[in-house]
Amino acid sequence: MNLTIRDIAKMAGVSPATVSKIMNNYGGISEATRQKVYKIIEETKYQPTFSAKSLATKKSNLIGLVYAGKINVDFTHPFFNEVINSFKKAVGTLGYDILLFSNEKIYQGESKYLERCRHFHVDGCLIIAGDEIEEEVEEITKSDIPCIGIDLKLDGPRSSYIMTDNTKIGLKVVEHLYLNQTRKVGYIGGKTDSLIASIRNGGFMEGMAQFGLPIREEWIRYGDFFEESGYRSMKEILQAEELPEAVFAASDMMALGALKAIKEEGLSVPNDIQLIGCDDIESCRYSDPPLTTVKQDKQKLGKLAAYMLNDLIQDNQDIQPVKVDPELVIRSSSIERA
C-alpha cells in the first residue's frame, strides 16, 4: 500500500500541513504531536514521494541544464563536457541533481523551457551557449528562476554568467609568438555572429595591432569551432602565395583539423608552420605533435558556476558576472627560442 501524507495526517489526527512541517523540521509544533507523527511514520515505513517533498519544501533540488541555440554543442563537446562534469560534481555536493532539457520540442512547437522548468519545479538553470539562441531562453532568464550562463551573457533579475576572459586568449597567443620572433601570423576564428568568437577575434586583432604585426586577409579564415571547419580553413590558407609562420585557431578542434590539412600538404608542424589552439581539450596532448594551446580552466568554470547558481537560489542577488583568466600551455606545435 502506497501511503500519502494525507494518510499519515489522518492516522495522527492532524492536518497534512502539520505532518509536512514535522518532516521538514519546522518549529511551532508540540513535542507530543511531533513524537506521535514520527511513531506513525516509523511504524508504516512511510517514504514521501519526490513530488510531496517538493510541494512541502518548495524546493525540488533539481537544476535544469539547457544547451541553448539551434546549433548547440551538447554533451559530446569535449570542452563543455569537462565543464559540465565539474559542475555536476560541485552541485552534487550541494545536494542537487541535474535534469537535462532537450530543445527539440522547442523547434517542434510543443513546449517551452519555462513551462518545463515550472512543471519540474527546478530550483535553477545552467544555460550553455550555442548559436542562434532561442527566444525561449530569454523567457527563463527574465523569470524568477535563478540562472547562470556559461559563455552566454545573462542579465535577468536572478541571473548572472561566467566565461573565460576571451580577449586575453588572443593577446596571450600573439605575445607568445612575438616573443619567439614570429611575425607572420594567420588566424582561424569562430563564426563572426557568435559572442565568444567575436570576443576572441577582437583579442587576436588587438594583439596584432599592439605589436604592429601585419594582418593578411589571405591568412584569415572563419570556421565554427569544429574540426572540419578548421581543416577547410587551413586548406584555403595554404593556397596563399606566401605561407604564414604560425596559425592560431580559436579552438583546439579547429586546430586539429588544421593540423591534418598541413600534414596532407607535406608540411611539418612546427618547422614549416607553427600551430596554436584554444581550450586544452584532452586530445591535443596526444596529437602529433602535441598542441600548444590556451587553457580554459574547465574545472574552475564548472565549480564557480555551481556555487554562483546555488547562491542565486539562496536569494543572494548580488552575484556579478565572472571572467576567468586563461593560461598559455606550450607544447611541441610551436617554437620557443632562447
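See the structure above.
Notes on the structure in this doc start here. (Residues numbered from 1 in each chain as written. Predicted model: local features only at pLDDT ≥ 70, side-chain atom pairs only at ≥ 80, totals over all residues. Heavy atoms only, no water.)

**Brief notes about the overall build of the protein chain**
Piece 1. Each helix and strand counted, the protein chain has 13 helices and twelve strands in total.
Piece 2. Compactness check: the protein chain gives a C-alpha radius of gyration of 26 Å against a globular reference of 20 Å for 338 residues, more than 25% above the reference.
Piece 3. Counting only C-alpha atoms, the protein chain reaches 90 × 45 × 35 Å along its principal axes.
Piece 4. Here the protein chain holds 338 residues, and the buried ones make up 50% of them.
Piece 5. Counting only contacts in the protein chain whose residues sit at least 6 apart along the sequence, the fraction spanning at least 24 positions is 69%.
Piece 6. Counting only carbon and sulfur atoms, one obtains 48% of the accessible surface of the protein chain, whose full area is about 16500 Å².
Piece 7. Both charge centroids of the protein chain, one from 40 positive and one from 49 negative side chains, sit 8 Å from each other. (Helix = DSSP H or I, 4+ residues; strand = E, 2+ residues; numbered from the N terminus. Rg over C-alpha atoms; globule rule 2.2 N^0.38 Å. Buried < 20%, exposed > 50% of the residue type's maximum accessible area, 1.4 Å probe, protein only. Contact = heavy atoms within 4.5 Å. Areas by Shrake-Rupley, 256 points an atom, 1.4 Å probe, with all protein chains shown as cover. Lys, Arg positive; Asp, Glu negative; His and termini not counted. Charge placed at Lys NZ, Arg CZ, Asp CG, Glu CD.)

**As for the environment of Ile148**
Piece 1. Structurally, Ile148 is set in strand β4 (residues 147-150).
Piece 2. In this structure the C-alpha to C-alpha distance between Ile148 and Leu304, which are 156 residues apart in sequence, comes to 10.0 Å.
Piece 3. Residue contacts for Ile148: discarding those within four places in its chain leaves Cys125, Leu126, Ile127, Leu154, Ser160, Tyr161, Ile162, Ala305, Met308, Leu309 and Leu312.

**What about the sheet that holds strand β7 (residues 220-222)?**
Whether parallel or antiparallel, the strands of a sheet pair through hydrogen bonds between backbone atoms.
Piece 1. Ordered by their spatial adjacency, six strands build an open sheet running β7-β6-β8-β9-β10-β12, and the pairing between neighbours is mixed. Each having just a single partner strand, β7 and β12 (327-329) make up the two edges of the open sheet. Shown here is a sheet whose adjacent strand axes are inclined to one another by a mean of 20 degrees, direction ignored.
Piece 2. Relative to β7, strand β6 (residues 185-189) runs parallel, the two being bridged by three bridges. Looking across to β7, one finds that Tyr187 is bridged to Ile220.
Piece 3. Taken strand by strand, helix α11 (residues 227-237) contacts β6, β7 and β8 (246-249), and its axis lies near 150 degrees from that of β6. (Pairing = 2+ DSSP bridges. Axes fitted to C-alpha atoms, helices over the stretch in contact; angles between N-to-C directions.)

**Brief notes about the nonpolar core**
Piece 1. Core analysis: the largest hydrophobic core is formed by 37 residues, its most contacted members being Ile188, Phe204, Met234, Phe248 and Leu275.
Piece 2. At six residues, helix α12 (residues 252-264) tops the list of elements feeding residues into this core.
Piece 3. For Ile188, the residues in contact, after removing those within four places along its chain, are Arg221, Gly223, Gly230, Ser233, Met234, Ile237, Val247, Phe248, Ala249, Ala250, Met254 and Ala258.
Piece 4. Formed by 28 residues, the second largest nonpolar core is a distinct cluster that contains Leu65, Val83, Phe87 and Val324. (Core = buried A, V, L, I, M, F, W, Y, C linked by side-chain atoms within 4.5 Å.)

**What to know about the environment of Gly28**
Piece 1. Within the fold, Gly28 resides in the loop between α2 (16-23) and α3 (31-44).
Piece 2. Residue classification places Gly28 among the exposed positions, given a relative accessible area of 84%.
Piece 3. Taking C-alpha positions, Gly28 is 9.6 Å from Thr18, a pair spaced ten residues apart along the chain.

**What about helix α13 (residues 298-313)?**
Piece 1. Between the first and last C-alpha of α13 there are 23 Å, a value that for 16 residues agrees with the 22 Å anticipated at 1.5 Å per step.
Piece 2. When we look at burial in α13, the residues that qualify are Lys298, Leu301, Gly302, Ala305, Ala306, Met308, Leu309, Asn310, Leu312 and Ile313.
Piece 3. Phi for Asp315, located one or two positions after α13, is positive at around 75 degrees. (Expected span 1.5 Å × (residues − 1).)

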